[in-house]
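Structural description and commentary
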Amino acid sequence: QVQLVESGGGLVQPGGSLRLSCAISGNIDDIYTMGWYRLGPGKRREVVAAITSGETTNNADYADSVKGRFIISRDNAKNTVYLQMNSLKSEDTAVYYCHVGTQSGSTMEDTWGKGTLVTVSS
């Protein structure tokens, strides 16, 4: 199992930036994918950015709505995944969740953080 602790949400004006962090602990070697999802008001949960463990973050997948504005990165020494959000728009307002997928033998598991609220408003 892994545990996730998110931080970095808050209130920001349109056009501003925020960086979310997700500290990961536990069976890190079982991780095969990690990323960020969001749930906005009146919307369905959507994947924002995701990377496959062992691959460079240059190969990350992004939602079309955030391409060119958001960047996912990781610090392996700190076991932390980041989401740099730039040029924020009101439609980016959502609760952002860190997600990790693990596989141990034939057992696959999804782990979610508790979420951090990002509000983009003037």
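The coordinates are above.
Attention in this report is confined to the structure presented alongside it. (Residues numbered from 1 in each chain as written. Predicted model: local features only at pLDDT ≥ 70, side-chain atom pairs only at ≥ 80, totals over all residues. Heavy atoms only, no water.)

**Points about the pairing of strand 3 (residues 18–26)**
Note that strand 1 (residues 2–7) and strand 3 share 6 bridges and pair antiparallel. Bridge pairing in strand 3 links L4 to I24. Pairing of strand 3 with strand 8 (residues 80–85) involves 6 bridges; the strand directions are antiparallel. Residue pairing in the sheet places L18 in a bridge with M85 of strand 8. (Pairing = 2+ DSSP bridges. Helix = DSSP H or I, 4+ residues; strand = E, 2+ residues; numbered from the N terminus.)

**Description of the sheet that holds strand 3**
Read from one edge to the other, the open sheet built from 4 strands follows the order 1-3-8-7, with strand pairing classed as antiparallel. The strands lining the two open edges of the sheet, one partner per strand, are strand 1 and strand 7 (70–75). Each strand axis lies, on average, 20° off the axis of its neighbour in the sheet, ignoring direction. (Axes fitted to C-alpha atoms, helices over the stretch in contact; angles between N-to-C directions.)

**Some thoughts on the environment of G8**
Along the polypeptide, G8 turns up in the loop between strand 1 and strand 2 (10–12). The spacing of G8 and Y82 is 74 residues in sequence and 9.5 Å in space, taken between C-alpha atoms. Leaving out residues up to four positions away in the same chain, G8 has contacts with L18, R19, L20 and T116. (Contact = heavy atoms within 4.5 Å.)

**Observations regarding unusual backbone geometry**
Phi is positive for N79, which is not a glycine, with a value near 50°. By the element assignment, N79 lies in the loop between strand 7 and strand 8. Taking the relative accessible area as the measure of exposure, N79 reaches 29% and is therefore partly exposed. Within the chain, S87 stands out as a residue other than glycine whose phi angle is a positive 50°. Note on S87: relative accessible area 40%, which makes it partly exposed. (Buried < 20%, exposed > 50% of the residue type's maximum accessible area, 1.4 Å probe, protein only.)

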